[in-house]
Amino acid sequence: MGKLKVGLFFGGQSVEHEVSVITALQAYENLDKSKYEIIPIYVDKSGHFFTNPKFLDIKNYQDIDGLLLSSAQLVLANKSGHGGFLKQGFFKKFTPIDVAFPLFHGSFGEDGCIQGVFEIYRIPYVGFNVVGAALGMDKVLQKAIYKELGLEVGKYVAFKRKEWEQNPRRILKQVQDDIRFPMFVKPANVGSSIGINPAKDEDSLSFAIEVAAVYSEKILVEEAFENCIEVNCSAMGFGGDVQTSVCEMPVASSKVLSFEDKYKKGGKGSKSAGMASLSRVIPAPVGEKLAKQIQEATVKIFKAFDGCGVARIDFFVENKDDTSCRFWVNEINSLPGSLAYYLWEKSGIKYTELLDKLINYALQRFEEQKKTQYIFN
């Protein structure tokens, strides 16, 4: 049996474009080259698709214009029921893809958009489906799901950018009526801590909303969990077969995990760059009973999102020496996040093995989808 053709999709039209490149190169380093033929498919900031083996060497990104000029532009396609791509040019040769591995962060890649494209062209893909991915990027809609599951969430107010532009005084009053200072303001569908700022008074609240509105049309204001620690847990699986990792406590350099905390602490060129470079305590300093409750909540959330592959769930936990501490769900980070590989390594699953599992889950789901009839004559 030949090698599986794995399309590694990354880059994209997103403020998290460079983060996606880091994640993709980390995954490439750890994919088993004896099992997979890896085809890098880079999406530039204008949304054009390219392929070139040079995309797999980070040094080549120093001259991105030259890199693109030496690369083949492509479009996704389907031939005889097999998904793949066509290279642009006089001879449009079709290259099949056995499975797509999307490693986009943020808009048009992590939010269900590219998943919908893969569905149309019948390309098996790693990670959540269209609906799960879309919900995983919307910090506001998520909260309704958590509450429906009987899990606690913090106090919050959400509104649209248009509402803020039309009547900022009303929004400021609404927020301060529902939440006390300090609080945090976030773009509702952007990751990597981009656009997140604390607010300690009305002036800083107004400023933080203006910043968040640059990155999203939906803004979320949340209470600050001052006397809490953050605890994260990952789930992995497909269908009824879901397992959880150990729990971790990330350590921020300030009151919020910044972009620098998450992606720059590994140092320039470091293979540990990315979320693995973040300071953290594994396992998290919580009691065994509380850790089990968090793991059970993680599985419950993963299944509610129709999870496939891997996701990390972030919680706030009361900072007490008590096994019966309260905890609140913060948010889900569906693929890629960082693939939470550092949590799985601490759980006894090496990064290469984790990637194998994620690809197998994608193929299992695709086989399940084949049982569904989409055309009625």
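Our structure's up above, just so we're on the same page.
Residues numbered from 1 in each chain as written. Predicted model: local features only at pLDDT ≥ 70, side-chain atom pairs only at ≥ 80, totals over all residues. Heavy atoms only, no water.

Looking at a nonpolar patch on the surface
Turning to step 1, where the next piece is worked out: Together, Val15, Val214 and Tyr215 give the surface a local cluster of nonpolar side chains, amounting to about 270 Å² of exposed area.
Turning to step 2, where the next piece is worked out: Position of valine 214 among the secondary structure elements: in helix H8 (residues 202–215).
Turning to step 3, where the next piece is worked out: On the basis of relative accessible area, valine 214 is assigned to the exposed category, the value being 60%. (Patch = residues over 30% accessible without salt bridge, like charges linked within 9 Å, V, L, I, M, F, W, Y side chains within 5 Å. Areas by Shrake-Rupley, 256 points an atom, 1.4 Å probe, with all protein chains shown as cover. Salt bridge = Lys/Arg side-chain N within 4 Å of Asp/Glu carboxyl O. Helix = DSSP H or I, 4+ residues; strand = E, 2+ residues; numbered from the N terminus. Buried < 20%, exposed > 50% of the residue type's maximum accessible area, 1.4 Å probe, protein only.)

Remarks on the packing of helix H1 (residues 17–30) against helix H12 (residues 351–369)
Turning to step 1, where the next piece is worked out: H12 packs onto H1 with a crossing angle of 100° between their chain directions and a minimal axis gap of 9 Å. In terms of orientation, H1 and H12 fall into the roughly perpendicular class. Across the interface between the two elements, Gln26, Ala27 and Asn30 of H1 pack against Tyr351, Thr352 and Leu355 of H12.
Turning to step 2, where the next piece is worked out: For the contact of H1 with H12, the per-class residue count stands at 3 nonpolar, 3 polar and no charged. (Axes fitted to C-alpha atoms, helices over the stretch in contact; angles between N-to-C directions. Parallel < 35°, antiparallel > 145°, perpendicular 65-115°, else oblique. Contact = heavy atoms within 4.5 Å. Nonpolar A, V, L, I, M, F, W, Y, C, P; charged D, E, K, R; others polar.)

So, the environment of serine 347
Turning to step 1, where the next piece is worked out: On the secondary structure map, serine 347 appears in the loop between helix H11 (341–346) and H12.
Turning to step 2, where the next piece is worked out: Through-space distance from the C-alpha of serine 347 to that of valine 246 is 5.9 Å; in sequence the pair is 101 residues apart.
Turning to step 3, where the next piece is worked out: Those residues within four positions of serine 347 in sequence are excluded, and the remaining contacts are Ser245 and Val246.

So, the state of the cysteines
Turning to step 1, where the next piece is worked out: With the rule as written, the count across this model stands at 0 disulfides.
Turning to step 2, where the next piece is worked out: With no disulfide of its own, cysteine 228 has cysteine 325 as its nearest cysteine by sulfur position, at a separation of 9.0 Å. (Disulfide = S-S within 2.5 Å.)

Brief notes about the sheet that holds strand S15 (residues 308–318)
Pairing between the strands of a sheet is mediated by backbone hydrogen bonds and can be parallel or antiparallel.
Turning to step 1, where the next piece is worked out: The strand order across the open sheet formed by 5 strands is S14-S13-S12-S15-S16, and the pairing between neighbours is antiparallel. Both outer strands of the open sheet, strand S14 (280–281) and strand S16 (327–334), are each paired with one neighbouring strand and no more.
Turning to step 2, where the next piece is worked out: The strands that H12 touches are strand S12 (228–238), strand S13 (241–250) and S15; relative to S12, the one it contacts most, it runs at about 55°. (Pairing = 2+ DSSP bridges.)

A look at the sheet that holds strand S10 (residues 197–199)
Turning to step 1, where the next piece is worked out: One open sheet accounts for 4 strands, arranged S8-S11-S9-S10; its pairing is antiparallel. Edge positions in the sheet fall to strand S8 (156–160) and S10, since each of these pairs with one other strand and no more. Across the sheet, the mean angle from the axis of one strand to that of its neighbour is 25°, orientation sign disregarded.
Turning to step 2, where the next piece is worked out: In this sheet, strand S11 (residues 218–223) lies alongside S8 in antiparallel orientation, the contact comprising 5 bridges. When the bridges of S11 are listed, phenylalanine 159 appears paired with isoleucine 219.
Turning to step 3, where the next piece is worked out: Contacting S8, strand S9 (183–187) and S11, helix H7 (residues 168–178) runs over the sheet at an angle of about 165° to S8.

Some points on the nonpolar core
Turning to step 1, where the next piece is worked out: If you look at the biggest cluster of nonpolar residues, it comprises 40 residues, and the most contacted ones within it are Phe101, Leu339, Leu354, Leu358 and Ile359.
Turning to step 2, where the next piece is worked out: Those elements that place two or more of their residues in this core are strand S1 (4–11), H1, strand S2 (36–43), helix H2 (64–69), strand S7 (99–102), S15, H11 and H12.
Turning to step 3, where the next piece is worked out: Here this core gets 7 residues from one element, more than from any other, and that element is H12.
Turning to step 4, where the next piece is worked out: Listed in part, the 31 residues of the second largest apolar core include Ala235, Ala284, Ile313 and Val317. (Core = buried A, V, L, I, M, F, W, Y, C linked by side-chain atoms within 4.5 Å.)

Section: the packing of H7 against H8
Turning to step 1, where the next piece is worked out: Interaxial distance between H7 and H8 falls to 11 Å at its minimum, and their mutual angle equals 115°. Viewed along their axes, H7 and H8 form a crossing whose handedness is right-handed. Side by side, H7 and H8 meet where Arg169, Ile171, Leu172, Val175 and Gln176 of the first sit next to Glu202, Leu205, Ser206 and Ile209 of the second.
Turning to step 2, where the next piece is worked out: Each residue belonging to the contact of H7 with H8 can be placed in one class, and the counts come to 5 nonpolar, 2 polar and 2 charged. (Left-handed = near helix turned anticlockwise from the far one by under 90°.)

Concerning the side chain of lysine 218
Turning to step 1, where the next piece is worked out: Position of lysine 218 relative to the elements: it lies in strand S11.
Turning to step 2, where the next piece is worked out: One polar contact links lysine 218 to aspartate 138, side chain to side chain, over a distance of 2.8 Å. (Polar contact = N/O pair within 3.5 Å; in protein donor to acceptor, adjacent residues only side chain to side chain.)

Observations concerning H12
Turning to step 1, where the next piece is worked out: If you check H12, its first and last C-alpha atoms are 27 Å apart, about what 19 residues at 1.5 Å a residue would give, namely 27 Å.
Turning to step 2, where the next piece is worked out: The complete set of buried residues in H12 reads Tyr351, Leu354, Leu355, Asp356, Leu358, Ile359, Tyr361, Ala362, Arg365, Phe366 and Gln369. (Expected span 1.5 Å × (residues − 1).)

Quick notes on the pairing of S1
Turning to step 1, where the next piece is worked out: S1 sits mainly inside the fold: 7 of its 8 residues count as buried.
Turning to step 2, where the next piece is worked out: Examined bridge by bridge, S1 and S2 share 8 bridges and lie parallel to one another. Counterpart to phenylalanine 10 in the pairing with S2 is tyrosine 42.
Turning to step 3, where the next piece is worked out: With H1 bridging S1 and the parallel S2, this β-α-β connection has right-handed handedness. (Right-handed = clockwise from strand over helix to strand, strands pointing away.)

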